[in-house]
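Results of the structural survey
The lines below spell out each chain.
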Amino acid sequence: MRPFLTLHDPARAASFYEAGLWTGDTFYSLLAEAAQEHPGEAALRDGRTTIDWADLRLRVDAVADDLAALGLVSGDRVSLWLSNRAEAIIAFLACSREGIACNPSLHRTYTCAEIVELLKVLGSAALVTEAGWGADRSQVDFDAMLKDLPCLKKVYTPQNFPRPHGLSTRAHDANPDRVAYLAFTSGTTGLPKCVMHSSNTLLSNGRDLVRDWALGRETVLLTLSPLSHHIAWVAVAQWLIARCLLVTDDAPAGTERLDWILSNGATYVMGVPTHAMDILQAQKARNLSSLGAVEVFYMAGAPIPTVVAEAFVKQGIAPQNVYGMTENSSHQYTHPDDASEIWTTTCGRGGKSYEVRIFDAEDPDKMLGVGQTGQIAGRGAALMLGYFGNQTATENSFNKAGWFLSGDLGSLDEAGNLTIEGRLKDLIIRGGHNIYPARIEALALTHGNVAKAAAFAIADERLGERVCIAIVGDVGGEEMLAHLAGEGLSKFDMPEWFLRLESFPLTASGKILKRELATMVASGELQPTPVRYREPKAAAL
């Protein structure tokens, strides 16, 4: 065994077990139970194959036996750098079987040199990858680069992936509190930190979602988020608990995402707001009255514009409005019995495995009351076990009372429903006045000719910062200001710069990279137009 230094605390763990928030389940034990009870039912589908529960366990055991034959033991690390194919999930479950920590968060947008550095950070003993994957794979000799990693014992590809040979005869690792998952944060600020989770910290959130949204074997769960993003692993947790069919974002070549949703009869779709916008736009372009069998559309990873949530409500689809982070999964979410207004304007009250409070943005030890905006903080069974090899980052993420500080701004109503105002670092301060970009973006998106919107700060010598509104759509600057005013935006929050673009730079998980937009403006690559809101003149009496 190779131990990790983590935040695991026996007393706190005991309280989670006593409350039923943690159990003895691991990801692999849930697979084994499903394979025994529902062997012939479809379990996993990518664009190449559909695998039933019994066959899935056989494939997982084959990989697990191969890892063991290499000498890997609990605490070793295995990294995944490949597309959304079944092999990624099989490898993850094989790691769970052996007590190995799996690192699936290597995005396609990384260069080979970046991947090598991240493998060094983790000391990964094995890598699962595929030819052509990555930002510059065709331009460098990645295999030669990997030979310089003394920690790396084997590189798996779809071509040399172990084939099933029968169930493994070795006992599987049964410790649900062992580090099972390592994920480099895909946030929009700074260099990535590596989050550590156990089966219990991840599955506690999955149990909440499955229970509160009544997911079951009849659910068809389709994740639009890539398997390199944490949302996909929230999907995996729910899938194993509900024992339903999981469909990955791996549609056959030439198949649009909307068609992939329709052809699979997806009932529960998971993604980020940009995924939702794209699906709604494609639906509108085809003049489709429905999204097939879809009943629930999960959205997380960025503030969900009200107009997007309302578009689902209008066609009888429940928008699962979610807030969370890699560090604490999808802990805050709306419930199926919430009023439509709660669905469309808040992230709900969440589940039992995480509690949220609001703290002063300037003083993280000062708790705020109902309706006050401040930094979102939380604690509970779904919280990570710390950042891998990074004591400073870990301790700096908590206030004195032990609440994890998210870096996001929000407020709670009397029922505990959370409203997101944006990132603490996204906050725009114009001459001492705080402006929240998320509200501007949400109002901009209510314009019928705006597909996407991003509000960010542009440096100003006199006022410190001014607001720039960037849109993808067919609307001019003055028209946008008039629209924002009509939707109720204060004249003191009005953008003073305007950009119209064909597309936005995005993270690998689909979030808008506002910091890159700001950098492009600062460098002169993008040149916004100055705009000024003028109040309508009062009519003469």
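Residue numbers restart at each chain and count upward from 1, following the sequence in its written direction. The predicted origin of the model limits local features to residues at a pLDDT of at least 70 and limits the giving and counting of side-chain atom pairs to 80 or more, whereas totals for whole chains, interfaces and linings rest on all residues. Heavy atoms from the whole structure form the basis of all side-chain values; hydrogens and water molecules are not counted.

**Topic: the overall build of the protein**
Cut-off, in case you're wondering: Secondary structure follows DSSP: runs of H or I at least 4 residues long count as helices, runs of E at least 2 residues long count as strands, and numbering of each begins at the N terminus. Here the globule rule reads 2.2 Å times residues to the power 0.38, and the radius of gyration is calculated from C-alpha atoms. Only protein chains enter the accessibility calculation, which uses a 1.4 Å probe; a residue is then buried when its area is under 20% of its type maximum, exposed when over 50%, and partly exposed in between. Residues count as neighbours in contact if any of their non-hydrogen atoms are within 4.5 Å of one another. In these tables, accessible area is a Shrake-Rupley quantity obtained with a 1.4 Å probe, and a residue counts as shielded only by the protein chains included in the view. His is not counted, nor are the chain ends; Lys and Arg add positive charge and Asp and Glu add negative charge. Here the site of a charge means atom NZ of a Lys, CZ of an Arg, CG of an Asp or CD of a Glu.
For the protein, the count of helices and strands is 16 helices and 24 strands. For 541 residues, the compact-globule formula gives about 24 Å, and the C-alpha radius of gyration of the protein, at 23 Å, lands near that figure. Overall, the protein is about 90 × 55 × 50 Å in size when its C-alpha atoms are taken along their principal axes. Residues classed as buried in the protein amount to 57% of the 541 residues present. At a minimum sequence separation of 6, the contacts of the protein that also span at least 24 residues come to 71%. As displayed, the protein has an accessible area near 22,300 Å², and 50% of this comes from carbon and sulfur atoms. Of the charged side chains in the protein, 48 are positive and 63 negative, and the gap between their average positions amounts to 2 Å.

**A closer look at the nonpolar core**
Side chains of nonpolar character tend, in soluble globular proteins, to be buried together. Threshold: Take the buried Ala, Val, Leu, Ile, Met, Phe, Trp, Tyr and Cys residues and link them wherever side-chain atoms come within 4.5 Å; each set so joined is a nonpolar core.
Counting residues in hydrophobic clusters, the biggest one holds 68 residues, and the most contacted among them are Leu56, Leu67, Leu93 and Trp239. The dominant element in this core, judged by the number of residues it contributes, is helix α8 (residues 230-242), at 10 residues. Setting aside its immediate chain neighbours within four residues, Trp239 contacts Ala43, Leu44, Trp53, Leu56, Ile89, Leu93, Leu221, Cys244, Leu245 and Leu246. Among the nonpolar cores identified, the runner-up in size contains 43 residues, and Leu224, Trp260, Ala444 and Met494 belong to it.

**Regarding the pairing of strand β8 (residues 194-198)**
Applicable threshold: Two strands are counted as paired when DSSP detects at least two bridges linking them.
The buried fraction of β8 amounts to 5 of the 5 residues, a majority that puts the element mostly inside the structure. Burial along β8 is two-sided: the face carrying Cys194, Met196 and Ser198 and the face carrying Val195 and His197 are both buried. As judged from the 5 bridges shared by strand β7 (residues 179-184) and β8, these two strands associate in the antiparallel manner. Bridge pairing in β8 links Ala183 to Val195.

**What to know about the packing of helix α4 (residues 86-98) against α8**
We apply this condition: In this description, a line fitted to the C-alpha atoms serves as the axis of each element, helices being fitted only across the stretch in contact, and the angle between N-to-C directions of two axes falls anywhere from 0 to 180 degrees. Any angle between 65 and 115 degrees counts as roughly perpendicular, while under 35 counts as roughly parallel, over 145 as roughly antiparallel, and the rest as oblique. Helix crossings get a hand from a simple test, with the near helix turned counterclockwise from the far one by less than a right angle marking a left-handed crossing and a clockwise turn marking a right-handed one.
Running from N to C, α4 and α8 cross one another at 70 degrees; their axes reach a closest spacing of 13 Å. Between α4 and α8, the interaxial angle falls into the category roughly perpendicular. The hand of the α4/α8 crossing is right-handed. Here Ala88, Ile89, Phe92 and Leu93 of α4 come into contact with α8, specifically with Trp233, Val236, Trp239 and Leu240.

**Details of the packing of aromatic side chains**
Inclusion rule: Ring pairs shown here join Phe, Tyr and Trp side chains whose ring centres sit within 6.5 Å, with only the six-membered ring taken for Trp; geometry is labelled stacked below 30 degrees between planes, edge-to-face above 60, and tilted in between. When the NZ atom of lysine or the CZ atom of arginine is within 6 Å of a ring's centre and also within 35 degrees of its normal, the charge is said to sit over that ring.
All chains considered together, the criterion is met by 13 aromatic pairs. Between the aromatic rings of Tyr17 and Trp22, the centroid separation amounts to 5.8 Å while the plane-to-plane angle is 85 degrees, which identifies the pairing as edge-to-face. Note on Tyr17: relative accessible area 32%, which makes it partly exposed. Taken together, a centroid distance of 5.3 Å and an interplanar angle of 15 degrees make the contact between Trp53 and Trp239 stacked. Note that Trp53 is positioned in helix α3 (residues 53-69) and Trp239 in helix α8, a separation of 186 residues in sequence. Residue Trp53 shares its accessibility class with Trp239, and that shared class is buried. Members of the aromatic cluster, each reached through a chain of ring pairs, are Phe27, Phe92, Tyr181 and Trp233. When the ring centre of Tyr387 is taken as origin, the NZ or CZ atom of Lys193, which lies over that ring, is 5.2 Å away.

**Comments concerning the pattern of salt bridges**
Spelled out, the test is: Salt bridge, as applied in this entry: a Lys or Arg side-chain nitrogen positioned within 4 Å of an Asp or Glu carboxyl oxygen.
Going through the model one piece at a time under the given rule, you end up with 31 salt bridges. Residue Arg357 pairs with Glu355 through a salt bridge whose shortest N-O separation is 3.6 Å. You can call Arg357 partly exposed: its relative accessible area is 32%. Within this structure, Asp61, Asp65, Arg97, Glu98 and Arg170 form a network of salt bridges that share partners.

**So, the sheet that holds strand β16 (residues 374-379)**
Strand order in this open sheet of 4 strands is β15-β16-β17-β18, and the pairing throughout is antiparallel. Of all the strands in the sheet, just β15 (355-359) and β18 (418-423) have a single pairing partner and so form its edges. Strand after strand, the sheet turns through a mean of 50 degrees between neighbouring axes, direction not considered. Pairing analysis gives 5 bridges linking β15 to β16, with the strands arranged antiparallel. Along β16, the bridge assignment pairs Glu355 with Arg379.

**Here's the deal with the sheet that holds strand β24 (residues 529-530)**
Each strand in a sheet pairs with another by means of backbone hydrogen bonds, the pair being arranged parallel or else antiparallel. Here we have 4 strands laid out as an open sheet, ordered β21-β22-β23-β24, and mixed in their pairing. Sheet topology places β21 (450-460) and β24 at the edges, where each strand pairs with a single neighbour. On top of the sheet, helix α14 (residues 437-444) reaches β21 and β22 (464-473); it is set at about 145 degrees to β21, its chief contact.

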